[in-house]
Amino acid sequence: MTDAWSIIREHEKYRRTTLNLIPSENILSRRVLQALSTDLAGRYAARPEFYAGTRYFHELWNYSEELTRKLFNVEYVVLEALSGHIAAILVSYTFAKNKVLAAVEPSSGGYPGYCEDKIPDLIGARLVKLPTSREYLTPLVDASIEIIEKEKPELVVLGGSMILFPHPVRELSEIVHEYGGILAYDASHVLGLIAGKTFQDPIREGADIVYASTHKTFPGPQGAVIMTNNPEIYKILSSNTFHKLVDNIHLNRIAAYAVSLEEMLRWGEKYARKMIENAKSLGASLDKLGVPVKARDRGYTESHQIILDIPDEEARINVRNRLEEGGIIADAGVRFGTNEVTRRGMGKREMEKIAKLIYRLLEGEDPAKIKKEVKILTKKFQNIKYC
Ligand SMILES: Cc1ncc(COP(=O)(O)O)c(C=O)c1O
């Protein structure tokens, strides 16, 4: 008879012996994982405090905020949002409820949460889509300025789920600020790159708010962080947390996040540089084999992602399924992320190998044969680096 632990073990074995290229996932260090399964997992805490027994948690909470301020060079930090999506709702609800919200087109890499019938519907906002390049997945500056000047959205959100290059924060923030709007940057995918100082620095470029998941390129527990240098923004965001968007803030998550901050303060720059180097190298290797990769003329990427150029949705789903048959885990966007393979210690040579395995699968080679090769490859990379 089966039980919960036997299924958990099967899952762990499966993911240990397959190769993960999903750019929104990562593997956690043993110490981060251990922090998740401590006594904190069953406790409550709040601000202002209602519960007794929380003195050490408050120390941890303050410590996590302090390390976040240090790592990202920011003044104010909100850790209450339980995930990137909740952070997006918190920011959008606070600044665009029943108003106008502009975001990157989901069909060109923007976060699907900003489709009309999702967060905008939830908060009664009218959505303005920023015109975005389908090849590079970055908002088009002149066309975006034109639409922002016309619509004057109270909140403009840059950043996205498919992100290859920095977004034009500097170019758009001045226009948004001229009429009193707020510019937020959704760094869910690139938080680890920003921490490693290798991508863009949205706050320095003029963003009022940066919010992000803490578990994609940033190798922390599933959760979120919101940052700003503006005390008024901090005050109003904080006032919309407890008993509006959250109650329990998952204390073990904040403890684990503190441990991942310590790791990123020490190894973040090295890790981020290697993720980008690997992504470029995976893109080049696939391109060399004739697999269509977006943004070829710009070196494929400046982030942890590369994206296959397959316009048809059904074809993309087929590719995802085909890759999984061969032991390579991806998503139906056929965007590949180097976050996990880099953390396992892989480099240029392995990127070339992975590109060949993908090519052979797409060319119709027996997936069982490729799966065996994937197993051999992953066996050599079981130790987690940069921690
Ligand atoms: C750009 C972006 N924002 C927000 C989210 C939601 O994050 P979470 O899964 O932490 O709720 C995602 C999810 O992948 C994302 O890609």
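Residues numbered from 1 in each chain as written. Predicted model: local features only at pLDDT ≥ 70, side-chain atom pairs only at ≥ 80, totals over all residues.

**What to know about the overall build of the protein chain**
- The number of helices and strands found in the protein chain is 15 helices and 11 strands.
- For 387 residues, the compact-globule formula gives about 21 Å, and the C-alpha radius of gyration of the protein chain, at 21 Å, lands near that figure.
- Counting only C-alpha atoms and orienting by the principal axes, one finds that the protein chain spans roughly 60 × 55 × 40 Å.
- The proportion of buried residues among the 387 residues of the protein chain is 47%.
- At a minimum sequence separation of 6, the contacts of the protein chain that also span at least 24 residues come to 77%. (Helix = DSSP H or I, 4+ residues; strand = E, 2+ residues; numbered from the N terminus. Rg over C-alpha atoms; globule rule 2.2 N^0.38 Å. Buried ≥ 20, exposed ≤ 12 C-beta atoms within 10 Å, placed from the backbone. Contact = placed C-beta atoms within 7 Å.)

**Considering the sheet that holds strand β5 (residues 155-158)**
- Taken together, the seven strands give an open sheet; going across it, the order is β2-β8-β7-β6-β5-β3-β4, and neighbouring strands pair in mixed fashion. Each edge of the sheet is formed by a strand with only one pairing partner; in this case those strands are β2 (76-78) and β4 (126-130). The sheet shows a mean angle of 20° between the axes of neighbouring strands, direction not considered.
- Here β5 pairs with strand β6 (residues 182-186) via four bridges, running parallel. (Pairing = 2+ DSSP bridges. Axes fitted to C-alpha atoms, helices over the stretch in contact; angles between N-to-C directions.)

**What about helix α3 (residues 55-72)?**
- Across its 18 residues, α3 extends 26 Å between first and last C-alpha, which sits within 8% of the 26 Å expected from 1.5 Å per residue.
- Of all the residues in α3, the buried ones are F57, W61, S64, E65, T68, L71 and F72. The arc that holds the buried residues of α3, viewed along the axis, is 135°, so those residues lie on one side. Of the residues in α3, the exposed ones pointing more than 90 degrees away from the buried face are R55, H58, E59, N62 and K70.
- On the buried face of α3, the contacting elements are β2, α8 (191-195), β8 (224-228) and α11 (251-288).
- At the C-terminal side of α3, N73 shows a positive phi close to 55°. (Expected span 1.5 Å × (residues − 1). Arc of directions from axis to C-beta.)

**Remarks on the domain arrangement of the protein chain**
- Domain annotation for the protein chain reports domain 1 (30-261) and domain 2 (267-379).
- Taking only C-alpha atoms into account, the centre of domain 1 sits 28 Å from that of domain 2.
- Residue classes in the side of domain 1 that touches domain 2 are distributed as 11 nonpolar, four polar and three charged. (Domains from an automatic or database assignment. Nonpolar A, V, L, I, M, F, W, Y, C, P; charged D, E, K, R; others polar.)

**Here we look at the site of the ligand**
- Lining the immediate environment of the ligand, one finds 15 residues, of which S83, G84, H85, S161 and S213 sit closest.
- Here the element with the most residues in the shell around the ligand is helix α4 (residues 84-96); it accounts for three residues.
- Partitioned by chemical class, the residues of the shell around the ligand number three nonpolar, 11 polar and one charged. (Near = placed C-beta within 6 Å.)

**Some points on the packing of α3 against α11**
- Across the interface, α3 lies against α11 with an axial gap of 9 Å and an inter-helix angle of 35°. With respect to the hand of their crossing, α3 and α11 are arranged in left-handed fashion. Contacts from F57, L60, W61, Y63, S64, L67, T68, K70 and L71 in α3 reach L251, I254, A255, Y257, A258, L261, E262, M264 and L265 in α11.
- Grouping the constituent residues of the contact of α3 with α11 by class yields 14 nonpolar, two polar and two charged. (Left-handed = near helix turned anticlockwise from the far one by under 90°.)

**As for the pairing of β6**
- Of all five residues in β6, five are buried; the element is thus mostly enclosed.
- Direction of pairing for β6 relative to strand β7 (residues 209-213): parallel, over a ladder of three bridges. Note on β7: the bridge partner recorded for Y185 is V210.

**Thoughts on the environment of K70**
- Its location among the elements puts K70 in helix α3.
- Expressed as a C-alpha distance, the spacing of K70 and L265, which sit 195 residues apart in the sequence, is 8.5 Å.

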